[in-house]
Amino acid sequence: MKSAIHDRFGDPADVLKLGDSPLPEPGPGEVRVRTILSPIHNHDLWTVRGTYGYKPELPAIGGSEAVGTIEAVGEGVDGAMVGQRVSAAGVHGTWAEAFIAKAGGVMPVPDAIGDEAAAQLIAMPFSAITLLESLGARPGEWIAQNAANGAVGRMLAVLAEARGIHVVSLVRRDEGVRELEAAGIRNAVSTENEGWKDKVREVTGGQPIKAGVESVGGEAAADLADILGEGGTLVCFGSMTGEPMRIPSGALIFKQIVVKGFWGAKVGPAVSAEDRKRLMGELVSRVAKGELKLEAEEIVPLAEIGRAVTASLAPGKVGKVLVRP
């Protein structure tokens, strides 16, 4: 089968190549899924660079989420699953014509959800909703986030507002505010101009901000800590710049701020089966109703994997870049 392979770690645009790989056979409890579409996530690119928490054996096929059709099942799996359209995440090698997944880990996709949304239905949305739950904010309270124009940032804002939780969404450009407003996301503030922290206080009406989601790194972490309320929680979700978080000790000492990390690969498996069903049910319902939009910026043929990863890193994207085998 055709696949996007890398035999060394490095810049994804340089090391990923289109190649031929053996068609994988499902083992006991597994299914083989014929790929329809697969998104390019930031953590996929970090994995190819060799800088993520998971490091595959080389040569490796990229990608970790997809929508596809089950075409073969392994021992102990109901043959009636063949032909089902499913979403799968937390898997390996989805930038290929087919991939292997645990039979119990795939999710049938309702007809109301198209392929573009189904391809990105689990990983980022589930991270966003479990991240939101981990913040412990109640209806009427405020949270804040930077990198708010990214996929998770938009989802977090929509899911929080649906629960009555207010969100200050920080972006680095004035244009970013207009983009979020066009998507129906309120309370966006640009950090491009001096005095933006006064704007935050104006938006919140001076109410304390209970928690902040930090996804940029560097001085942006200090800025987010500065606007948190007494006893607030600062959650490190990512590092867009790759720089270490720089947080003044005064913010930690005098405001008693708590700093912690969030990694979906650790948090997700710890979610109980009951809570997972509840949260995924909420996500599927909101996507099917159009309340939570999972858009595609561009669909790129697998043969152009280098161009696809470059496009995924371009600023100002609204949706995900998807790969089609």
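Scroll up to find the structure.
Attention here is on the structure that accompanies the text. This one's a predicted model, so the numbers in the text were calculated from it and none came from an experiment.

Rules used in this analysis
Residues numbered from 1 in each chain as written. Predicted model: local features only at pLDDT ≥ 70, side-chain atom pairs only at ≥ 80, totals over all residues. Heavy atoms only, no water. Helix = DSSP H or I, 4+ residues; strand = E, 2+ residues; numbered from the N terminus. Phe/Tyr/Trp six-rings, centres within 6.5 Å; stacked < 30°, edge-to-face > 60°. Buried < 20%, exposed > 50% of the residue type's maximum accessible area, 1.4 Å probe, protein only. Lys NZ or Arg CZ within 6 Å of the ring centre and 35° of its normal.

Side note on unusual backbone geometry
For step 1, the next point in the chain: A cis amide bond links leucine 58 with the next residue in sequence, proline 59, at an omega value of -5°.
For step 2, the next point in the chain: In the Ramachandran plot, asparagine 187 falls in the positive-phi region, its phi being about 60° despite a non-glycine side chain.
For step 3, the next point in the chain: By secondary structure assignment, the location of asparagine 187 is in the loop between helix 6 (174-182) and strand 11 (188-190).
For step 4, the next point in the chain: In the Ramachandran plot, glutamine 256 falls in the positive-phi region, its phi being about 55° despite a non-glycine side chain.
For step 5, the next point in the chain: You can see glutamine 256 is positioned in the loop between helix 9 (249-254) and strand 14 (258-261).

Things to note about the packing of aromatic side chains
For step 1, the next point in the chain: Scanning the entire structure with this criterion turns up three aromatic pairs.
For step 2, the next point in the chain: Judged by centre distance (6.1 Å) and plane angle (35°), the rings of tryptophan 46 and tyrosine 52 are tilted.
For step 3, the next point in the chain: Taking relative accessible area as the criterion, tryptophan 46 reaches 29% and is therefore assigned partly exposed.
For step 4, the next point in the chain: Measuring from ring centre to ring centre gives 5.8 Å for phenylalanine 237 and phenylalanine 262, while their planes differ by 35°; the resulting arrangement is tilted. You can see phenylalanine 237 sitting in the loop between strand 13 (233-236) and helix 9 and its partner phenylalanine 262 sitting in the loop between strand 14 and helix 10 (264-270), a full 25 residues away along the chain.
For step 5, the next point in the chain: A residue is classified by how much of its surface remains accessible, and phenylalanine 237, at 22% relative accessible area, is partly exposed.
For step 6, the next point in the chain: Each member of the aromatic cluster is reached from another via a ring pair, and the members are Trp46, Tyr52 and Trp263.
For step 7, the next point in the chain: The ring of phenylalanine 9 carries the charged tip of lysine 55 above its face, separated from the ring centre by 5.2 Å.

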